[in-house]
Structures are given as structure tokens and as C-alpha cells.
Amino acid sequence: MGQGTTSGLDETDTRAVTKANFLFHFAASNEWPASVKEGEFHLTVVGSERLHAELVDKYAMKMIGAQPLRIHGYERPEELPLDAFHHLVYCEVGGSELKRVALALAETPTVLVSDSPDGLEQGAVINFVATGNRIRYEINTADAVKKGVLIGNKIMAWAVK
Amino acid sequence: MKTMQMPLFTRFPLTFTIGFIVLSTWTAAAQSSLDRAEAFVRAGNWDAAHAALAPEMENALYAMDARAWFVLGFVQKEQFKASGAFGLDAAERNKAVGSLQRALAMNALSASDEETARDALDFLGRSFFREAIERVEGFTLGAEPEILALMGRYESVLQALDPAYNVTEQRADLHRYLGQAHARLLETERFAGTPEEQVLSDGAIAHYETSLNFVPSHYPTLYNLAITLYNHGVRQLKRINHETSMFELMEIQDVCVGLFEQALVPMQQAHQQRPDRLETLKGLMTVHYALSQPEASDVYKRKIEAVLQKK
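Quick caveat, the model's predicted, so the values are computed rather than measured.

Reading guide: rules and limits
- Residues numbered from 1 in each chain as written.
- Chains lettered and ligands numbered in written order.
- Predicted model: local features only at pLDDT ≥ 70, side-chain atom pairs only at ≥ 80, totals over all residues.
- Heavy atoms only, no water.
- Helix = DSSP H or I, 4+ residues; strand = E, 2+ residues; numbered from the N terminus.
- Buried < 20%, exposed > 50% of the residue type's maximum accessible area, 1.4 Å probe, protein only.
- Contact = heavy atoms within 4.5 Å.
- Phe/Tyr/Trp six-rings, centres within 6.5 Å; stacked < 30°, edge-to-face > 60°.
- Lys NZ or Arg CZ within 6 Å of the ring centre and 35° of its normal.
- Domains from an automatic or database assignment.
- Buried area = accessible area lost by both parts, 1.4 Å probe.
- Salt bridge = Lys/Arg side-chain N within 4 Å of Asp/Glu carboxyl O.
- Polar contact = N/O pair within 3.5 Å; in protein donor to acceptor, adjacent residues only side chain to side chain.
- Nonpolar A, V, L, I, M, F, W, Y, C, P; charged D, E, K, R; others polar.
- Pairing = 2+ DSSP bridges.
- Core = buried A, V, L, I, M, F, W, Y, C linked by side-chain atoms within 4.5 Å.

Q: Would you explain the environment of alanine 49 of chain B in this entry?
A: All names here are of chain B. As for its position among the elements, alanine 49 is in helix H2 (residues 46-53). When its relative accessible area of 1% is taken as the criterion, alanine 49 is described as buried. Between the C-alpha atoms of alanine 49 and glutamine 253, which are 204 residues apart in sequence, the distance is 68 Å. Setting aside residues no more than four positions away along its own chain, alanine 49 makes contact with Ala37, Phe40, Val41 and Val75.

Q: I would appreciate a short explanation of the packing of aromatic side chains in the present structure.
A: Two numbers describe a pair of aromatic rings. These are the distance of the centres and the angle of the planes. One pass over the full model with this rule turns up 14 aromatic pairs over all chains. Taking 6.1 Å as the distance between ring centres and 50° as the angle between the ring planes, the aromatic pair formed by tyrosine 90 of chain A and phenylalanine 128 of chain A counts as tilted. Of this pair, tyrosine 90 of chain A sits in strand S4 (residues 88-91) while phenylalanine 128 of chain A sits in strand S6 (residues 126-131); the two residues are 38 residues apart in sequence, bridging distant segments of the chain. On the accessibility criterion, tyrosine 90 of chain A (0% relative accessible area) is buried. Pairwise contacts between aromatic rings join Phe22, Phe26, Tyr90, Phe128 and Tyr137 of chain A into one cluster. Taking the ring centre of tyrosine 289 of chain B as reference, the NZ or CZ of arginine 15 of chain A above it sits at 5.8 Å. Stacked on the ring of phenylalanine 123 of chain B, the Lys or Arg lysine 81 of chain B has its end atom at 5.4 Å from the ring centre.

Q: Explain the domain arrangement of chain B to me, please; I cannot follow it from the model alone.
A: One frequently used descriptor of interface size is the decrease in accessible area upon assembly of the parts. Residues and elements named next belong to chain B. Here chain B is partitioned into domain 1 (30-165) and domain 2 (173-311). Inter-centroid distance (C-alpha atoms) of domain 1 to domain 2 is 44 Å. Contacts between domain 1 and domain 2 engage 10 residues on the former and 11 residues on the latter. Across the domain 1/domain 2 interface, buried area totals approximately 930 Å², and carbon plus sulfur atoms make up 86% of it. Here domain 1 is connected to domain 2 by zero salt bridges. Summed over the shared surface of domain 1 and domain 2, the result is two residue pairs in polar contact (both at pLDDT 80 or more). When contributions to the side of domain 1 that touches domain 2 are tallied by element, the ones reaching two or more residues are helix H6 (111-137) and helix H7 (144-161). Examining the composition of the side of domain 1 that touches domain 2, we find that four residues originate from one element, H7, more than from any other. Counted by class, the side of domain 1 that touches domain 2 contains eight nonpolar, one polar and one charged residues.

Q: Just checking my understanding: could you explain the sheet that holds strand S1 (residues 41-46) of chain A for this structure?
A: Through backbone hydrogen bonds, the strands of a sheet pair up, either in parallel or in antiparallel fashion. Residue and element names in this part refer to chain A. With mixed pairing, the seven strands of this open sheet are ordered in space as S2-S3-S1-S4-S5-S6-S7. Looking along the sheet, the strands with just one partner apiece sit at the ends: strand S2 (63-64) and strand S7 (134-139). Sheet analysis places S1 next to strand S3 (residues 67-74), joined by six bridges and oriented parallel. Bridging from a neighbouring strand, leucine 43 pairs with isoleucine 71 of S3.

Q: What is the right way to read the nonpolar core from this model?
A: If you look at soluble globular proteins, the nonpolar side chains tend to sit buried side by side. In this structure, Leu23, Phe26 and Leu88 of chain A are the most contacted members of the largest nonpolar core, which totals 68 residues. Broken down by element, this core gets its largest block of residues, 11 residues, from helix H11 (residues 246-273) of chain B. The residues contacting phenylalanine 26 of chain A, other than those within four sequence positions of it, are Trp32, Leu88, Val113, Ile126, Phe128, Tyr137 and Ile155 of chain A. Formed by 51 residues, the second largest nonpolar core is a distinct cluster that contains Trp69, Leu178, Leu186 and Phe191 of chain B.

Q: Any chance you could explain the pattern of salt bridges here in plain terms?
A: Oppositely charged side chains can pair when the atoms bearing their charge come close. Residue and element names in this part refer to chain B. Summed over all chains, the structure comprises 26 salt bridges over all chains. Two residues, arginine 135 and glutamate 146, come together in a salt bridge whose shortest N-O distance is 3.4 Å. Note that arginine 135 is positioned in helix H6 and glutamate 146 in helix H7, a separation of 11 residues in sequence. A relative accessible area of 29% places glutamate 146 in the partly exposed class.

Okay, here's the thing in C-alpha cells:
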């Protein structure tokens, strides 16, 4: 046996694993307007290839109520097709780009999720935050109400604000 | 070497004479056993040497004969080598150690016999260590008590030869190897989701920590400990799926964050040992990222880029 190091670092994107499960819960535990409760449930990821891959791997085609979950992925915000409906959009980038996405989705019952220090200020409905080295989230419930989306009790219970 | 004494028949009454005859006959037989054994030793016939000498060793004459114990111990050592026996129960080895230690304890061996006895004991002691390491290399769950017992025998033999003998480094090595052996079994995923998985993880961590108690600041041990803690956290996280409830997710996160926080300490200590080592920089970048500390993670990302630019 040698003196060297033998173990390799597991290169799994740990934050992507956790965020993917949160997004699945956001999809499954919130209540969308009846008008978008038919057909597929569209969950779209912008700017995070690894989060998209994690969602495709573990959650694609799982049922959200009666709707099979469809996962979409785009590299940049400008690639997001605004002529199609997305129930849930996760946007990795913050700042003005996030704000542009929020404005584009403002009149739809799309729940925009961000991971940015000022995510809610830029227009996201749910924003991931770090609390005690853990991933948590904050919610703009008023914005959700305006969109006709009822945030589920389970989701509310674990929100930091 | 003892010489046979001939009785003077005429000076003693009959009973004493008979007694002397019996004693002398027995003494001669015993002495010739040692002589015969040594002749067999010279011929390399270990079993015959053992058969000639071993049955006589409880007799009063040989029980205190350092040379006889030395010859017997040497023979038993050779029998052990020839047998290919191994493990704690290898009888010839245990007997050889006992005989040679008894011979040395009597302080009556010639200088050359004493040196040979010490060399033989050293060989036997190190055979325990070699076996312990072999067991680690082919490690299986449950092998640990025997490995540690073999190590204990090694230490007791070597320290009996030299009370000042320092086993610290070998102890540190053995525990590091045991840590690696546990970690390798974990990585096979053979025990994924079973109670043994936690046993293996706890075992790996405990052995690395014990190794560090013997040799603190040992870079590979610090790094391996950090990786074991971190990877065990990731292993829990990877089991999250669509059936994981919010409550479970929070619980898993708590466990993982605890492990990641623990991993950070030895990873930082390893980094202090070798500040430009890429694997540690990458480790720190990754652990800080997993702890949702992007700024700290970026610090190490930039250091990696700087190191790579230097190359």
C-alpha cells in the first residue's frame, strides 16, 4: 500500500441535486390555475446544464397531479421561447437578465424561480437562498397570488420568508 | 552443553545406586534428545528435530535450559515457515515465539545464540505485520478484529525485543490503510443503503482519525479523511428522488451539511501542508460550493487557475 491519496472526490453537483428536488416539490405542491392543468407540466431550466441533467435523469415524466412532467433546458435567457407556456421556470442568472425574464413572464401563471441575492426584487416568485450552509428559499406570495398560483402549505412551511 | 556424570557404585548403598542409575539414564536420554534434535536441525529435518526435543521440554532438566528452548524455538519457526500457516491461530508461529522468548528470558544464551534468537523473533514479529497488511489489502467486512490482533502481536514481539521500539509509524500506516480499505468498500456501492454502509463510513473515518493521532498533519490521511466525509455526504444526497418528501429533503440536507462541514477541516489542514496541490484546491472549491458558500468556492477556483497558469 502506498503513501498517496487513493480516494477520488465525488464530482456530483450537490447543489443541483438539492435544487432539482426543490423544483419538483414546487411543481407538485403548488396549485396552478385550471387553465394550465391539462396536458404536460412544463418545467424549464435556463443557464444550468447540470440542474437540467439532474431533472431529466430523476424527474422527467413523473406525474404532477394528472400531468406528466416535461423538462426543458436552455443555455441563455434569450433562448427561452416566450410563445410557449412554462409552469415553472428556473433562471440561474440574476440581475438585469433575470428581470427581463420576469417581465416577459409577468402576465402568465408561470412561477419564476431564481438563485440570486436580489431574486425576488428582480421579479422571481421563489428565490433560493443560503441559510446555515443549507439551501432554502424565499417566496413572494403576493406575486404568486397575482399570477393565480396557490403556494402549497408544505412549500410555505419551509420558506425562510 | 551438559556432560553425563557416571555414578560411583561402590560408595553408595544399593538404593542410592539404583536411584543414580535411573537418574543418569534419564539425564543421558534427555541430553541426547537435544543432541539428536541439533543433528536433525543441521540436516534441515525440522519435524524430526521437533519430535526429538519437544516431548522432553517439560522435564526438569530442559525446562530451565535456555539452549534447548532456543533450539526448539528455532525449529518451530522453521516449521511455521514450511507450513505456510497464517493467522492468529498459526500454532507453530505462536509456539516459536513462546519458546524463543523463554530462551531469551533465561539470560543464559551465548552471544551468537542470542543474536540468532533475536533475529528469529524479529522475523516472526514482522510476519504478523505482513499478514496484517495482506488482510487489509484483501479487506472484507468483519476482518478488522483479526487485523488489529495481528498488529498487536507484532507490536508485543518487537517491543519485547526492544522496549524502546517505536511502533507509531506502523500504527499510523495500518490505520490509514484500514481507513482506505473501508472507503474502497464504500465506493463499490455493494453496501449502498444497508446498515453496513454506515458501519463502513464510521470505520473509515475512525481509522483515519486514529492514524492522525499517531502522525498528525499527514497529508494523505488528512486528504483521504476529508474525501471520505464529503463523499459520504454526497452518497446520501444522491438518493434523493421524486419520492423524497420535503421533510426528508431537509433532514438529508442537515446530514450532508454536517458531513461537508466536517470535511472542510481536514481538507483545509491538508491544504496548509501543500498549498499548491490541485486536488486539495479542488476539494476546497467543491466543499465550499456544496456548503452554499460561492465566494469562498470562487477563491479556490481562482487559485486553481493560477496554479495551472504556472505550469
